[in-house]
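Each chain, letter by letter, is given below.
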Amino acid sequence: MFKNLNISTRLVGAFTLLVAMLLAIGGISVLRTVSVEKDLVDITQRRMTIIADMELLRDEANFQARAIRNIALFTDPAKIAEEKQAIAASRTKINELDAKLAPLLVTPKGRELQGKLAELRKPFRESVDKFMAMIAAGEREPAIAYLFDTVRPAQLAYFKAIDDAVVFQTEGAQAASQAAQDTVQNLIVTIAVAALFAAAIAAVVATWIIRSITGPINSAVDLARAVAAGDLTRVVEVKSTDETGVLMQALADMQTGLVQVVGRVRNGSESVSTASEQIAQGNQDLSSRTEQQASALEETAASMEELSSTVRQNADNALQANQLAQSASRVAMEGGQVVSQVVDTMKEINDSSKKIADII
């Protein structure tokens, strides 16, 4: 079935296959890259933000702990008031950070830790408020004791919740980073395997196309060379209907036509040979006749020589006769003059006789 495909169809199919494999490799690369990008975005834009905000929560908690310590140490009401204002401002920042963190916590574990952090923040705040109320009521010694017995354990528990949340987010970031690295490694392996597979497929397809094209063309070249050398006995096998098959069929038709032409030329050559034999026989007859004519001509030449000799003798005789005739003519002319004189004399005699007769 494939061998009857046109060469252009084969090339287009092979090119389409290669493009499809490249698109598949590109699609896999894009999907894996999107996955890596998603992990990186999760690390940089979510988990790192959460960790940074958690660190800010810890800083604010430490700031409040220092402010509480300062309140326990200060006796100046103005400074104590400043520390209280600082604690109030820190609580506002913590509320803002908590609101900012809420939409970033998408995992159940993260929300659970955030809820625990909120639960532990409440007793810490309540203990700090009670501590400041005791300071405001002048109960410094009981306030300091309350600070160490109640406020600090609540503070440490609150810090522990923050640390747990930070550790969870850090571990999540590390896990996401490792997943991204694994994805990249898998992507490299996948692309390498896909590239090798595509190269193997391309090599197989290219070999098939080359053989399907060069094989029939080589057969056509061999046939053309055989025909050029005068061998018209080759058996032409047309095995396909593609361009090379059409070429082989055309060469087969050409060979058949040449065989017919050679047959006609052979028949014509035989006719020419027969005619040549007849012409040769005619030439032999003509040669014989020519020899006979030559002999006759030789005899005629001999006769002509004798005739020429006779003619020359006749010419000599005619010349002598002419000379004699001229002499006779002169004699005749002289005789004519004499006769004329005789006539005149006879006339005179006749006249004289007439006169004598008259006289008589």
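Our structure's up above, just so we're on the same page.
Right, let's walk through the structure included here. (Residues numbered from 1 in each chain as written. Predicted model: local features only at pLDDT ≥ 70, side-chain atom pairs only at ≥ 80, totals over all residues. Heavy atoms only, no water.)

1. Brief notes about helix H4 (residues 140-228)
Here is the rule: Strands are runs of DSSP state E lasting at least two residues, helices are runs of H or I lasting at least four, and both sets are numbered from the N terminus onward. By this rule the span expected of a helix is its residue count minus one, scaled by 1.5 Å. Bend is computed residue by residue as the angle between axes fitted to the seven residues ending at the residue and the seven residues starting at it.
Under the 1.5 Å per step criterion, the end-to-end length of H4 is 124 Å for 89 residues, consistent within 8% with the ideal 132 Å. At Leu147, H4 shows its maximal kink, close to 45 degrees. After H4 finishes, the residue Gly230 shows a positive phi value of roughly 100 degrees.

2. Considering the layout of surface pockets
We count it as follows: Here a cavity is any set of points on a 1 Å grid over the protein atoms alone where a 1.4 Å probe fits but cannot get out, and a pocket is any open set with protein on both sides within 12 Å along at least 5 of 7 lines; a residue lines the site when it has an atom within 4 Å of a point. Grid points are joined across faces, edges and corners, and a volume is the space filled by probe spheres set on the points.
What the second largest pocket holds in volume is close to 250 Å³. In terms of lining residues, the second largest pocket is bounded by Ala65, Arg66, Ile68, Arg69, Ala72, Leu73, Ile144, Leu147, Phe148, Arg152 and Gln155. Contributing elements (two or more residues each) for the lining of the second largest pocket: helix H1 (7-73) and H4. The dominant element in the lining of the second largest pocket, judged by the number of residues it contributes, is H1, at six residues.

3. What about the side chain of Gln169?
For the record, the criterion: We call a residue buried when its accessible area falls under 20% of the maximum for its residue type, exposed when it is over 50%, and partly exposed in between, using a 1.4 Å probe and counting protein chains only. Pairs of residues are marked as contacts when any of their non-hydrogen atoms sit within 4.5 Å.
With respect to the helices and strands, Gln169 occurs in helix H4. Looking at Gln169, the relative accessible area reads 2%, which means it is buried. When neighbours within four sequence positions are excluded, Gln169 is seen to be in contact with Arg46, Arg47, Ile50, Ile51, Leu105 and Gly110.

4. Regarding the side chain of Ser127
Looking at where Ser127 falls in the secondary structure, it is placed in helix H3 (residues 108-136). Look at Ser127 and you get buried, because its relative accessible area is 2%. Once residues lying within four places of it in the same chain are set aside, the contact partners of Ser127 are Tyr146, Thr150, Val151 and Ala154.

5. Focus on the packing of aromatic side chains
To keep it simple, the criterion reads: Pairing of aromatic side chains requires ring centres within 6.5 Å, counting the rings of Phe and Tyr and the six-membered ring of Trp. Pairs whose planes differ by under 30 degrees are stacked, by over 60 edge-to-face, and all others tilted. Lysine NZ or arginine CZ positioned within 6 Å of the ring centre and within 35 degrees of the ring normal marks a charge as sitting over the ring.
Throughout the structure, instances matching the rule amount to two aromatic pairs. Aromatic side chains Tyr158 and Phe159 sit 6.4 Å apart centroid to centroid with 35 degrees between the ring planes, which places their arrangement in the tilted category. The exposure class of Tyr158 is buried, given its relative accessible area of 1%. Clustering of aromatic rings is evident, with ring pairs tying together Phe124, Tyr158 and Phe159. The positively charged end of Lys79 is found above the aromatic ring belonging to Phe74, 5.5 Å away from the centroid.

6. Remarks on the nonpolar core
For clarity, the cut-off: Buried Ala, Val, Leu, Ile, Met, Phe, Trp, Tyr and Cys residues form a nonpolar core when they are joined through side-chain atoms within 4.5 Å.
Core analysis: the biggest nonpolar cluster contains 36 residues, and Met54, Leu57, Ile68, Phe131, Val151, Tyr158 and Ile162 have the highest contact counts within it. Elements represented by at least two residues in this core include exactly H1, helix H2 (77-101), H3 and H4. Among the elements that line this core, the one with the most residues is H4, at twelve residues. Dropping the residues within four chain positions of it, Leu57 is found in contact with Ile94, Leu97, Leu101, Leu117, Arg121, Tyr158 and Ile162.

7. Details of the pattern of salt bridges
Put simply, the rule reads: Definition used for salt bridges: Asp or Glu carboxyl oxygen within 4 Å of a side-chain nitrogen of Lys or Arg.
Scanning all chains against the criterion turns up six salt bridges. A salt bridge links Asp164 to Lys160; its shortest N-O distance comes to 2.9 Å. One end of the pair is Asp164 and the other is Lys160, both in helix H4 and four residues apart, which spans about a single turn. The class for Asp164 is partly exposed, based on a relative accessible area of 24%. Residue Lys160 is classed as partly exposed on the basis of its relative accessible area, which comes to 47%. What you see here is one network of salt bridges that share partners, running through Glu55, Arg58 and Asp163.

8. Observations regarding the packing of H3 against H4
Test applied: Whenever a helix is involved, its axis is fitted only over the stretch in contact; in every case the axis is a line through C-alpha atoms, and angles between N-to-C directions fall within 0 to 180 degrees. Each angle gets one of four labels, with under 35 degrees taken as roughly parallel, over 145 as roughly antiparallel, 65 to 115 as roughly perpendicular, and the rest as oblique. If you view the pair so one helix is near and one far, a crossing is left-handed when the near helix is turned anticlockwise from the far one by less than a right angle, and right-handed when it is turned clockwise. Note that Gly is not counted as nonpolar here; it falls among the polar residues with everything else outside the nonpolar set of Ala, Val, Leu, Ile, Met, Phe, Trp, Tyr, Cys and Pro and the charged set of Asp, Glu, Lys and Arg.
With their axes 9 Å apart at the nearest point, H3 and H4 run at an angle of 165 degrees to one another. What the angle tells us is that H3 and H4 run roughly antiparallel. Where H3 crosses over H4, the two elements pack in a sense that is left-handed. Classifying every residue of the contact of H3 with H4 gives 22 nonpolar, five polar and five charged.

9. What to know about the packing of H2 against H3
Taken N-terminus to C-terminus, the directions of H2 and H3 make an angle of 170 degrees; their axes are 13 Å apart at the nearest point. It follows from the interaxial angle that H2 and H3 lie roughly antiparallel. In contact with Ile80, Lys84, Ile87, Arg91, Ile94, Asn95, Asp98 and Leu101 of H2, H3 contributes Gln114, Arg121, Arg125, Val128, Asp129, Met132, Ile135 and Ala136. The residue makeup of the contact of H2 with H3, split by class, is eight nonpolar, two polar and six charged.

10. Quick word on H2
What counts, and what does not: Each polar contact in these results corresponds to two N or O atoms within 3.5 Å; when the atoms are within protein, one needs to be able to donate a hydrogen and the other to accept it, and residues that are neighboring in sequence are counted only if both atoms are side-chain atoms.
Compared with the 36 Å implied by 1.5 Å per residue over 25 residues, the 36 Å span of H2 between its first and last C-alpha is a close match. Residues of H2 that are buried include every one of Ile80, Glu83, Ala86, Ile87, Ser90, Arg91, Ile94, Leu97 and Leu101, and no others. Two or three places before Ala78, at the opening of H2, Asp76 has a side-chain oxygen 3.2 Å from that residue's backbone nitrogen.

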